[in-house]
Amino acid sequence: QFPKGKLYGRDNQLATLTDVYNNIGKPSVPSIVLVSGYSGAGKSTLVKHAKRSIKRKDLCFISGKFEHLQQTKPLSSIEAALAEYSNEIVKQGRAKILQTRWLIIQAIKSDVRVLTETFPCLSKIIGELTSTPAEVHFRAAQNRFKFIFQMFVRAIATTSNPLVLFLDDLQWADELSLRIISALIRDTENTGFLFIGSYRDNEVAPSDLLPILINELETSKVQVTNINVSSISKEDVNNLIADTVGMPQRLTKSLSDIVYQKTSGNILLVAQFLESLLDEDLLMFSLDHSTWMWDSKGIDAREIADDAGVLLSKKILQLPRGCQYGMKLLACIGSKCDASTLMFIINKGKDLEESIAGKMLDFAVDEGLLRKEGPNYVFVHDQIQQAAYSLIPENERGSLHRQVGHLILISLTENQDDDLFFTAVSQ
Ligand SMILES: Nc1ncnc2c1ncn2[C@@H]1O[C@H](COP(=O)(O)OP(=O)(O)OP(=O)(O)O)[C@@H](O)[C@H]1O
Ligand SMILES: [Mg+2]
């Protein structure tokens, strides 16, 4: 475990973000920040950490993330962010709810139902409405929706009550979300609004919609602040390791030099590499000497893939077969799934031997690859989900998705929400 709450090698990026946060609403301050970098470089961590430096009490920070393989409903990451917004308003009491409701209804008038139908979480503020908006053709409906959403954000993001919307993993965004975001950030009337998007620059192809939209932004009037999150330096890797093992920096240098050389300072890779050294006893705590010791020669001889994904795949392959199978199924379903649906699929989908996979998933929890969150098994990091998914041979993926989709449909009960239904269909 790296020391919690401390960021290594990100002073400049943190200063830039802090500055932007604390100056929202002032003229000539950018309304959009794009955080890019290699997978595992530390983009999400940077934005979340910088949030702590927000001094303004009147500012609301909301966030959502897109998922690998777009396994959730379109717009679900925006909905997650709006759910945070609704909860925040509700927390502030009845007067705030009424005031916000009034602002929204003033701005959107009779079309407000379009908003609550798309984002039911907003009913907490707006209430249940009986008026039915007029039906329009699909294309026109999309344009109308973009406009309504724009008006909504103008109403709730004001200079005196600014709003920051952070959407993570834009490389996996659905087209509708990207088009809505694009319209939103071009709206120069949104004076109290800041959009922060982060994406893996090593996972977008020039033909994808995201780089096309980013290019368009750069030639438009929108002020874009680009923050690149790259690998950390040799000194920072040494600081990180010294703090982690609780030893002076001069003593850990011989270890950190090799770790840096092997990982090039990609933080996720550093974490995975150190963990694999522990597993292989190349790094260990000596009770006799009451200190950490390592086998420099052995570590130096150790091959390392240039990707945390490959290291994670190796780790998954060391788990019992049933557990591996459960993780692959979970990776097909999404970043998380409730235990009972997952067990149903595992037990129906395979022969008896595989059916013990359910209980075996706890091995993956012990190894820190999955965590239990209420009734759900959740991948601890997107890269673990991707690594588990990559272990399914390509020619088997289609049929496994079909089988999973079919089994989720069977397992659905009438009163279940439509998220699971969407997961089934997206298979
Ligand atoms: N500057 C830092 N100092 C210490 N630890 C960090 C730092 N940045 C990230 N980490 C740790 O490294 C891991 C990877 O970081 P993070 O998930 O933010 O990367 P990411 O760029 O968002 O990856 P992805 O592209 O997969 O979403 C996390 O466990 C995080 O706690
Ligand atoms: Mg991330």
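- As named in an unreviewed UniProt entry, the protein is Orc1-like AAA ATPase domain-containing protein, taken from Ditylum brightwellii.

## Looking at the site of ligand 1
And then number 1: What surrounds ligand 1 is a group of 19 residues, the closest being Lys 43, Ser 44, Thr 45, Arg 200 and His 381.
And then number 2: Within the contact set of ligand 1, a nitrogen atom lies 3.0 Å away from a backbone nitrogen or oxygen of Tyr 8.
And then number 3: Between an oxygen atom of ligand 1 and a main-chain N or O atom of Gly 42, the distance comes to 2.8 Å.
And then number 4: Looking at the shell around ligand 1, the elements that each hand over two or more residues are α2 (43-51) and α12 (267-279).
And then number 5: Here the shell around ligand 1 takes three residues from α2, the largest share from any one element.
And then number 6: Tallied by class, the residues present in the shell around ligand 1 amount to seven nonpolar, seven polar and five charged.

## Details of empty space enclosed by the protein
And then number 1: The tally for this structure, following the rule as stated, stands at two cavities of 30 Å³ or more.
And then number 2: There is about 110 Å³ of room inside the largest cavity.
And then number 3: Lining the largest cavity are 13 residues; nearest its centre among them are Ile 181, Ile 185, Leu 210, Leu 213 and Leu 217.
And then number 4: At the level of secondary structure, the elements contributing two or more residues to the lining of the largest cavity comprise β1 (32-37), α8 (175-186) and α9 (209-218).
And then number 5: It is α8 that provides the largest number of residues to the lining of the largest cavity, a total of five residues.
And then number 6: Its residues assigned to classes, the lining of the largest cavity comprises eleven nonpolar, one polar and one charged.

## Some details on the packing of aromatic side chains
And then number 1: This model, assessed by the stated rule, comprises seven aromatic pairs.
And then number 2: Judged by centre distance (6.1 Å) and plane angle (90°), the ring pair of Tyr 21 and Phe 61 falls under edge-to-face. Pair noted here: Tyr 21 is in helix α1 (residues 11-22) and Phe 61 is in strand β2 (residues 60-65), with a separation of 40 residues, a long-range link.
And then number 3: Look at Tyr 21 and you get buried, because its relative accessible area is 0%.

## Overview of a nonpolar patch on the surface
And then number 1: On the surface, Leu 409, Phe 421 and Val 425 cluster together into a nonpolar patch covering about 280 Å² of accessible area.
And then number 2: For Phe 421, the position within the fold is in helix α21 (residues 418-426).
And then number 3: Owing to a relative accessible area of 44%, Phe 421 belongs among the partly exposed residues under this scheme.

## Topic: the domain arrangement of the protein
And then number 1: Domain boundaries assigned for the protein yield domain 1 (11-229), domain 2 (234-304) and domain 3 (311-426).
And then number 2: For the pair domain 1 and domain 3, the two sides together bury roughly 1,100 Å², of which 44% comes from carbon and sulfur.
And then number 3: Between domain 1 and domain 3 we count one salt bridge in total.
And then number 4: Here Lys 65 ties to Asp 382 by a salt bridge, and the two come within 2.9 Å at their closest N and O atoms.
And then number 5: Of the residues that constitute the side of domain 1 that touches domain 3, the class distribution is three nonpolar, six polar and six charged.

## Here we look at the pattern of salt bridges
And then number 1: One pass over the full model with this rule turns up 14 salt bridges.
And then number 2: The partner of Arg 144 in a salt bridge is Asp 111, and the shortest N-O contact between them spans 3.2 Å. On the criterion of sequence distance, the pair formed by Arg 144 in helix α7 (residues 138-156) and Asp 111 in the loop between α4 (94-108) and α5 (112-118) is long-range, its members being 33 residues apart.
And then number 3: Across the pair Arg 371 and Glu 373 runs a salt bridge whose closest N-O atoms are separated by 2.8 Å.

## Focus: the pairing of strand β6 (residues 283-286)
And then number 1: When β6 meets strand β7 (residues 291-294), the two strands line up antiparallel, connected through four bridges. Paired with Ser 286 across the two strands is Thr 291, which belongs to β7.
And then number 2: Linkage of β6 to β7, two consecutive antiparallel strands, is achieved through a turn of four residues, within which Ser 290 is found at a positive phi near 50°.

## Some remarks on unusual backbone geometry
And then number 1: Residues other than glycine seldom take positive phi values, yet Asp 169 does so here, at roughly 60°.
And then number 2: Inspection of the secondary structure puts Asp 169 in the loop between β3 (163-168) and α8.
And then number 3: Positive phi, close to 60°, is recorded for Asp 281, a residue that is not glycine.
And then number 4: Relative to the helices and strands, Asp 281 resides in the loop between α12 and β6.

Cut-offs and rules
- Residues numbered from 1 in each chain as written.
- Chains lettered and ligands numbered in written order.
- Predicted model: local features only at pLDDT ≥ 70, side-chain atom pairs only at ≥ 80, totals over all residues.
- Heavy atoms only, no water.
- Near = heavy atom within 4 Å.
- Polar contact = N/O pair within 3.5 Å; in protein donor to acceptor, adjacent residues only side chain to side chain.
- Helix = DSSP H or I, 4+ residues; strand = E, 2+ residues; numbered from the N terminus.
- Nonpolar A, V, L, I, M, F, W, Y, C, P; charged D, E, K, R; others polar.
- 1 Å grid on protein atoms, 1.4 Å probe; cavity = no way out; pocket = protein on both sides within 12 Å on 5 of 7 lines; lining within 4 Å.
- Points joined across faces, edges and corners; volume = space filled by probe spheres on them.
- Phe/Tyr/Trp six-rings, centres within 6.5 Å; stacked < 30°, edge-to-face > 60°.
- Buried < 20%, exposed > 50% of the residue type's maximum accessible area, 1.4 Å probe, protein only.
- Patch = residues over 30% accessible without salt bridge, like charges linked within 9 Å, V, L, I, M, F, W, Y side chains within 5 Å.
- Areas by Shrake-Rupley, 256 points an atom, 1.4 Å probe, with all protein chains shown as cover.
- Salt bridge = Lys/Arg side-chain N within 4 Å of Asp/Glu carboxyl O.
- Domains from an automatic or database assignment.
- Buried area = accessible area lost by both parts, 1.4 Å probe.
- Pairing = 2+ DSSP bridges.

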